[in-house]
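Spelled out, the chains give:
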Amino acid sequence: MKQFNLALTPQKISTQLGGELILKNEVELTNVAELPEADDKSVCFYENHKYLHDLKDSKSGFIFVPKDFDIDLKPDANLLLIDKPYIHFIMLVKTWLELCSPKSQGNISGTAIISGSAKLGRNITICNNVLISDNVIIGDNTKIYSNCVINENVKIGSNCRIHPNTTIYEDTVIKNNVSIFAGCVIGADGFGYLFHDGIQNKIPQVGNVIIEDNVEIGANTTIDRAAIGSTIIRNGTKIDNLVQIGHNCKIGRNSILCSQVGLAGSTEIGDIVYLAGQVGVAGHLKIDDEAMIGAQSGVSGSIPKRAKYFGTPAIDAGLKKRIIASEKKIPEIVKYYNKINKKQKSK
Amino acid sequence: MKQFNLALTPQKISTQLGGELILKNEVELTNVAELPEADDKSVCFYENHKYLHDLKDSKSGFIFVPKDFDIDLKPDANLLLIDKPYIHFIMLVKTWLELCSPKSQGNISGTAIISGSAKLGRNITICNNVLISDNVIIGDNTKIYSNCVINENVKIGSNCRIHPNTTIYEDTVIKNNVSIFAGCVIGADGFGYLFHDGIQNKIPQVGNVIIEDNVEIGANTTIDRAAIGSTIIRNGTKIDNLVQIGHNCKIGRNSILCSQVGLAGSTEIGDIVYLAGQVGVAGHLKIDDEAMIGAQSGVSGSIPKRAKYFGTPAIDAGLKKRIIASEKKIPEIVKYYNKINKKQKSK
Amino acid sequence: MKQFNLALTPQKISTQLGGELILKNEVELTNVAELPEADDKSVCFYENHKYLHDLKDSKSGFIFVPKDFDIDLKPDANLLLIDKPYIHFIMLVKTWLELCSPKSQGNISGTAIISGSAKLGRNITICNNVLISDNVIIGDNTKIYSNCVINENVKIGSNCRIHPNTTIYEDTVIKNNVSIFAGCVIGADGFGYLFHDGIQNKIPQVGNVIIEDNVEIGANTTIDRAAIGSTIIRNGTKIDNLVQIGHNCKIGRNSILCSQVGLAGSTEIGDIVYLAGQVGVAGHLKIDDEAMIGAQSGVSGSIPKRAKYFGTPAIDAGLKKRIIASEKKIPEIVKYYNKINKKQKSK
């Protein structure tokens with residue numbers, strides 16, 4: 001459960017969120033929890049009848065339930081009958097987190113090493129052992145956590161969070177409200193070689209990476225710099241852990257790349273595209289807006305707008321599912337075919 | 001080969017392990033090695049006749065061989081005829097490592113930054129540039145290697161090893177005898193967004209990660225904190241490199257997750273489950289005890305106890321193998337089908 | 001675009017590279033760029049008519065074009081008509097980078113912690129907060145970037161680049177001209193356990209990792225130490241980001257391992273082998289010289305010289321493609337088969 005250092009009451013919460021309050025006793029709430037682990041200071045939510053048993057057993061101090069909830073199912077509990085309990089629960093958590101987060105004035109650790117040519121905005125926090133190299137520019141209210149390495153000419157906007165042990169290579173541009181979780185590597189060389197005279201000759205990688213506003217990047221993800229030009233992640237796209245983005249890729253707005261996705265070089269992803277876990281995409285392709293690609297798919301050709309694709313190689317998801325449903329018959333059909341084939345040969 | 005700073009003799013080794021000693025010359029042993037690289041100070045083992053050639057050529061000073069070994073195959077060598085040579089060889093290596101490992105009194109580097117509110121047990125070692133944040137608790141004999149970042153309220157038990165450049169986020173609980181290899185990220189935000197009003201809205205991730213006793217976690221692996229509640233890895237489970245464990249997953253006891261496995265959120269894995277390399281598991285599923293999933297499988301439904309599954313989507317491994325064996329006939333069958341189909345149409 | 005701090009002229013470039021110079025105005029060149037982002041100080045190349053539109057719109061100051069280029073397509077531009085424009089462009093970038101890179105005399109940061117028993121060559125650079133442990137040996141002109149951890153007895157040759165936040169475990173041997181990008185973990189324990197008495201018993205991992213000359217290793221890649229013996233990467237092999245190489249693997253010369261490839265233990269890869277993205281290879285196999293394995297393939301058996309394989313399990317790529325092309329017919333064939341089967345049963 002998540003403890004907050006500020007207590008709320010059911011009355012205060014219902015005043016803010018609306019809904020119908022059913023109060024059986026006075027309570028001070030200090031945490032959010034799942035129903036089974038909750039105590040009398042916990043706020044919880046209940047929406048899916050699959051968890052009715054958890055609801056009945058829960059010691060939660062205050063539970064968000066649907067408007068049409070039968071209150072006899074939990075007669076002694078403090079309840080908030082409200083439209084979309086889960087969404088309102090999330091809204092509460094966000095507000096509560098904000099109420100508890102201290103307004104930072106910024107702080108620069110004495111163990112950080114900061115080039116004299118770096119330009120820092122206001123209220124910046126730079127934690128222990130961070131390296132800020134020459135000509136780096138950092139915007140207001142941004143926080144760089146411990147052991148990050150920020151190379152030459154990197155620009156980071158306002159309200160960003162660069163988590164521990166992350167490396168950001170030279171010339172990377174990061175705009176505003178970007179979160180990069182721990183262990184990421186942004187802007188390392190793209191993977192390009194020409195095989196000539198029996199050896200792999202490195203193609204210089206002299207482009208950069210641009211990450212626009214409101215992007216979030218999961219732990220240990222790698223985004224390579226372009227060979228020339230830029231690798232670009234556009235506004236609002238969210239990238240999970242251990243994802244690989246090859247050089248010169250362009251990712252559109254508000255797309256979702258789940259964990260362990262890999263994009264080869266120069267591929268374009270549109271807006272609001274969904275790539276499920278472990279999807280691989282070959283190079284120089286275009287996945288158009290609002291396309292959805294099923295988990296583990298291998299995309300080997302461009303994909304039209306709003307298409308749903310699945311499989312390796314990825315094809316229309318409906319067709320793929322029909323093929324999968326039919327596959328179990330294949331051994332039997334092959335046996336049958338071999339039999340009639342033998343008959344015909346023996347004729 | 002692994003050099004030890006303490007020499008052993010064949011006599012000493014056979015006294016400890018048992019077996020029948022055949023000694024051709026006096027020798028001081030100081031390393032363990034594979035047969036081809038061995039020198040006269042090496043201990044080796046031989047068990048599989050595939051390596052008979054390596055055995056004959058080896059300069060090893062002392063070789064563990066099976067009880068029924070024909071000693072004329074290696075007439076001049078010092079041999080230990082013993083049940084299960086490989087297992088006994090591993091036992092020797094373990095003992096030898098322990099004999100050579102100095103009893104540490106613990107040591108706190110002057111470059112580490114440790115909050116005044118952290119509570120440290122006895123004989124703790126904290127290496128260079130480690131950050132230990134507020135309210136962290138660390139048990140006896142635990143070692144935190146260089147450049148690790150340990151956030152607020154983390155609890156780490158006794159006899160743990162947290163290897164370099166690892167980040168452990170706030171509220172994580174790690175019990176005893178846990179090893180976490182370099183570059184891991186434990187407790188970063190889970191990947192959860194609600195698409196609303198054209199943008200991806202972050203669902204706050206306020207749960208934590210709990211890692212129980214005797215768990216081992218490979219390099220650069222990521223384990224996300226729960227949205228609410230806990231992501232849990234139970235006793236004795238071993239996780240390889242570059243594995244992704246999504247928020248709210250629960251992994252049972254003594255399971256094996258090979259490299260590059262990815263688990264989406266809220267999935268449950270039972271005890272003694274084996275997930276081979278690059279397996280992906282969708283969210284909200286249950287893989288029951290002692291199930292085995294073949295490499296690269298994509299698990300899209302729950303899997304019963306002791307089942308062996310394979311493929312994407314994962315199905316019974318025996319059926320999948322029969323389908324694979326039959327697949328090569330598909331082009332021929334399609335051709336045949338098209339022919340008879342054309343005939344029927346032309347009738 | 002990549003800015004250089006040294007200007008070149010078209011005359012100087014054509015003198016060095018050859019080709020036919022067509023000069024419309026005097027220009028000082030200070031960057032390389034893609035055609036769309038170029039300005040009048042940019043050098044660009046044009047080779048593929050797919051980008052003719054970009055060429056026509058480009059403001060580039062100097063463009064490499066093929067020998068048979070119709071100069072009326074870009075009448076006002078400074079052009080270099082040359083054999084293989086892209087290759088010559090790459091050669092220019094390499095030369096330009098070298099001209100601009102300062103000759104370093106080496107530099108050891110005061111924040112680095114270096115054991116008294118380490119042996120350092122000439123012109124070595126060791127950046128902030130690096131740890132160099134006992135008995136480490138480092139060759140001339142090698143650069144170790146910030147926050148790297150180099151454990152006991154590691155040997156690193158000359159002209160190597162070890163990028164930030166990388167961990168290199170004890171006994172690893174790295175030869176000359178090796179680049180290891182940020183966040184790599186080299187030499188962590190291999191993943192080996194024996195299931196016995198209901199628990200997973202760790203097999204000690206006491207071998208090491210050997211990386212030969214001219215190897216390049218991408219960001220956040222992990223290469224495990226051998227159980228005994230060595231995990232070996234031979235001359236000139238290039239490894240992309242987030243790759244996993246299991247214990248005791250041997251990789252040959254000048255091979256290419258694309259991103260997210262995973263090799264289980266003890267597998268051998270030959271020379272000039274190409275493993276596309278997300279390929280998985282089971283343990284104890286041999287992939288022979290010049291074999292090519294398609295993306296996401298799962299290799300479950302050894303593969304002969306020069307073979308092209310694809311799929312899970314990987315089979316001859318030609319056959320696999322025929323199977324894939326036929327697969328779409330499967331649902332129809334199954335339907336047909338079920339129909340005739342029912343008829344026969346009902347007879």
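Residues numbered from 1 in each chain as written. Chains lettered and ligands numbered in written order. Predicted model: local features only at pLDDT ≥ 70, side-chain atom pairs only at ≥ 80, totals over all residues. Heavy atoms only, no water.

Trainee: What exactly am I supposed to notice about the overall build of chain A here?
Mentor: Helix and strand counts for chain A stand at 5 helices and 39 strands. Computed over its C-alpha atoms, the radius of gyration of chain A comes to 27 Å, more than 25% above the 20 Å expected for a compact globule of 347 residues. Counting only C-alpha atoms, chain A reaches 85 × 75 × 30 Å along its principal axes. Considering chain A as a whole, with its 347 residues, one finds that 58% of them fall into the buried category. Counting contacts in chain A only where the partners sit at least 6 residues apart, residues at least 24 apart contribute 20% of the total. When the accessible area of chain A is evaluated, it comes to approximately 14400 Å², of which 50% is carbon and sulfur surface. (Helix = DSSP H or I, 4+ residues; strand = E, 2+ residues; numbered from the N terminus. Rg over C-alpha atoms; globule rule 2.2 N^0.38 Å. Buried < 20%, exposed > 50% of the residue type's maximum accessible area, 1.4 Å probe, protein only. Contact = heavy atoms within 4.5 Å. Areas by Shrake-Rupley, 256 points an atom, 1.4 Å probe, with all protein chains shown as cover.)

Trainee: Which parts of the structure should I look at to understand helix α1 (residues 10-17) of chain C?
Mentor: Since there are 3.6 residues in each turn of an α-helix, residues three or four apart along the chain are aligned in direction. All names here are of chain C. Along α1, the residues classified as buried are P10, I13, S14 and L17. Summarising the axial view, the buried residues of α1 lie within an arc of 95°, below the 170-degree limit, and thus occupy one face. Facing away from the buried side of α1 by over 90 degrees, the exposed positions are K12, T15 and Q16. Just downstream of α1 lies G18, where phi reads positive at about 85°. (Arc of directions from axis to C-beta.)

Trainee: How should the pairing of strand β5 (residues 62-65) of chain A be read in this particular structure?
Mentor: Residue and element names in this part refer to chain A. Alternating residues of β5 divide into F62 and F64 and I63 and V65, and every residue in both groups is buried. Pairing geometry for strand β4 (residues 42-45) and β5, over 3 bridges, is parallel. Within β5, the position partnered with C44 by the bridge is I63. Read as a crossover between parallel neighbours, the route from β4 over helix α2 (residues 52-57) to β5 is right-handed. With 3 bridges joining them, β5 and strand β6 (residues 79-81) adopt parallel strand pairing. Along β6, the bridge assignment pairs V65 with L81. (Pairing = 2+ DSSP bridges. Right-handed = clockwise from strand over helix to strand, strands pointing away.)

Trainee: Hey, could you run me through the pattern of salt bridges in this one?
Mentor: A side chain with one charge may pair with a side chain of the opposite charge, provided their charged atoms come close. Counted under the stated rule, the structure contains 27 salt bridges over all chains. Between D140(A) and R122(A) there is a salt bridge whose closest N-O contact spans 3.2 Å. With D140(A) in the loop between β12 (137-138) and β13 (143-144) and R122(A) in the loop between β9 (119-120) and β10 (125-126), the pair connects residues that are 18 residues apart, well separated along the chain. What makes D140(A) partly exposed here is its relative accessible area of 23%. A relative accessible area of 61% places R122(A) in the exposed class. Salt bridges here are not isolated pairs; linked through shared partners, they connect D189(A), K202(A) and E216(C). (Salt bridge = Lys/Arg side-chain N within 4 Å of Asp/Glu carboxyl O.)

Trainee: Got a minute to help me understand the packing of aromatic side chains in this structure?
Mentor: Think of a pair of aromatic rings as described by two things: how far the centres are apart, and how the planes are tilted against each other in angle. Within this structure, the stated rule accounts for 27 aromatic pairs over all chains. Each ring, one from F45(B) and one from F89(B), has its centre 5.0 Å from the other, and the planes form 45°; the classification is tilted. Here F89(B) lies in helix α3 (residues 85-100) and F45(B) lies in strand β4 (residues 42-45), a separation of 44 residues in the sequence. For F45(B), a relative accessible area of 23% gives the class partly exposed. Measuring from centroid to centroid gives 5.0 Å for F45(C) and Y86(C), while their planes differ by 40°, and the two rings are tilted. In this pair, F45(C) is assigned in strand β4 (residues 42-45) and Y86(C) in helix α3 (residues 85-100), connecting sequence segments 41 residues apart. Connected via pairs of aromatic rings, a cluster forms that spans F45(A), F62(A), F64(A), Y86(A) and F89(A). (Phe/Tyr/Trp six-rings, centres within 6.5 Å; stacked < 30°, edge-to-face > 60°.)

Trainee: What's the story with the interface of chain A and chain B in this structure? I'm lost.
Mentor: Where interface size is quoted, it is often the accessible area lost as the parts come together. Taken residue by residue, the interface counts 55 residues in chain A and 60 residues in chain B. Of the roughly 4400 Å² buried between chain A and chain B, counting both surfaces, carbon and sulfur atoms make up 62%. At the boundary of chain A with chain B, the tally comes to 1 salt bridge. Between E216(A) and K202(B) there is a salt bridge whose closest N-O contact spans 2.5 Å. Here chain A and chain B share 27 residue pairs in polar contact (both at pLDDT 80 or more) between them. (Buried area = accessible area lost by both parts, 1.4 Å probe. Polar contact = N/O pair within 3.5 Å; in protein donor to acceptor, adjacent residues only side chain to side chain.)

Trainee: How do you make sense of the interface of chain A and chain C when you look at a structure like this?
Mentor: With 61 residues of chain A at the interface, the matching set in chain C holds 55 residues. Buried area between chain A and chain C, summed over both chains or domains, comes out near 4400 Å², and the portion from carbon and sulfur atoms is 62%. Looking only at chain A, the three residues that lose the most surface to chain C are F191(A), Q200(A) and I228(A), adding up to 15% of its buried area. Across the chain A-chain C interface, the total number found is 1 salt bridge. Counting across the chain A and chain C interface gives 28 residue pairs in polar contact (both at pLDDT 80 or more). When residues of the side of chain A that touches chain C are traced back to their parent elements, those giving at least two are β20 (185-188), β21 (193-196), β22 (199-202), β25 (222-224), α4 (317-327) and α5 (330-346) of chain A. At 6 residues, the largest contribution of residues to the side of chain A that touches chain C is made by α4(A). For the side of chain A that touches chain C, the class distribution of residues is 27 nonpolar, 25 polar and 9 charged. (Nonpolar A, V, L, I, M, F, W, Y, C, P; charged D, E, K, R; others polar.)

Trainee: Which parts of the structure should I look at to understand the packing of helix α1 (residues 10-17) of chain A against helix α3 (residues 85-100) of chain A?
Mentor: When two helices pack together, their arrangement is given by the angle between the helix axes and the distance between those axes. All names here are of chain A. Look at α1 against α3: their axes get within 11 Å of each other, and the N-to-C directions meet at 110°. Here α1 is positioned roughly perpendicular relative to α3, judged by the angle of their axes. Judged by the twist between their axes, the crossing of α1 over α3 is right-handed. In this structure, α1 contributes I13, Q16 and L17 to the contact, and α3 contributes H88, M91, L92 and T95. Here the residues of the contact of α1 with α3 are counted per class, giving 4 nonpolar, 3 polar and no charged. (Axes fitted to C-alpha atoms, helices over the stretch in contact; angles between N-to-C directions. Parallel < 35°, antiparallel > 145°, perpendicular 65-115°, else oblique. Left-handed = near helix turned anticlockwise from the far one by under 90°.)

Trainee: Even after reading the chapter, I still don't get the relation of the copies chain A and chain B, so can you show me in this structure?
Mentor: Between the two chain copies there is a screw-like relation: a rotation about an axis and a shift along it. Aligned on chain B, chain A shows an RMSD of 0.1 Å; the corresponding rotation is 120° and the shift along the axis is 0.0 Å. Here the copies are linked by what is in effect a three-fold axis. (Least-squares fit on C-alpha atoms with pLDDT ≥ 70 in both.)

Trainee: Would you take a moment to explain a nonpolar patch on the surface for this structure?
Mentor: Together, I108(A), I114(A) and L120(A) make up an exposed nonpolar region whose accessible area comes to about 210 Å². Here L120(A) shows up in strand β9. (Patch = residues over 30% accessible without salt bridge, like charges linked within 9 Å, V, L, I, M, F, W, Y side chains within 5 Å.)

Trainee: What exactly am I supposed to notice about the environment of G19(C) here?
Mentor: All names here are of chain C. Relative to the elements of secondary structure, G19 occurs in the loop between α1 and β2 (20-22). Placed 226 residues apart in sequence, G19 and I245 show a C-alpha to C-alpha distance of 44 Å. Contacts of G19, omitting those with residues within four sequence positions, involve L80, L81 and I82.

Trainee: Sorry, what's going on with the sheet that holds strand β39 (residues 315-316) of chain A here?
Mentor: In any sheet, the strands associate via hydrogen bonds between backbone groups, in a parallel or an antiparallel arrangement. Residue and element names in this part refer to chain A. If you walk across this open sheet you meet the 12 strands as β7-β10-β13-β16-β19-β24-β27-β30-β33-β36-β38-β39, and the pairing is mixed. Two strands in the sheet have a free side with no partner beyond their single neighbour: β7 (107-108) and β39. Pairing geometry for strand β27 (residues 238-239) and strand β30 (residues 256-257), over 2 bridges, is parallel. When the bridges of β30 are listed, I239 appears paired with L257.

Trainee: Could you clarify how one ought to interpret the environment of V279(B) in this entry?
Mentor: Within the secondary structure layout, V279(B) lies in the loop between β33 (274-275) and β34 (280-281). Measuring from C-alpha to C-alpha, the distance between V279(B) and Q296(B) comes to 4.4 Å, with 17 residues separating the pair along the chain.

Trainee: Mind showing me how you'd approach the domain arrangement of chain A here?
Mentor: Along its sequence, chain A is carved into domain 1 (2-100) and domain 2 (111-321). Measuring from the centre of the C-alpha atoms in domain 1 of chain A to the corresponding centre in domain 2 of chain A gives 38 Å. (Domains from an automatic or database assignment.)

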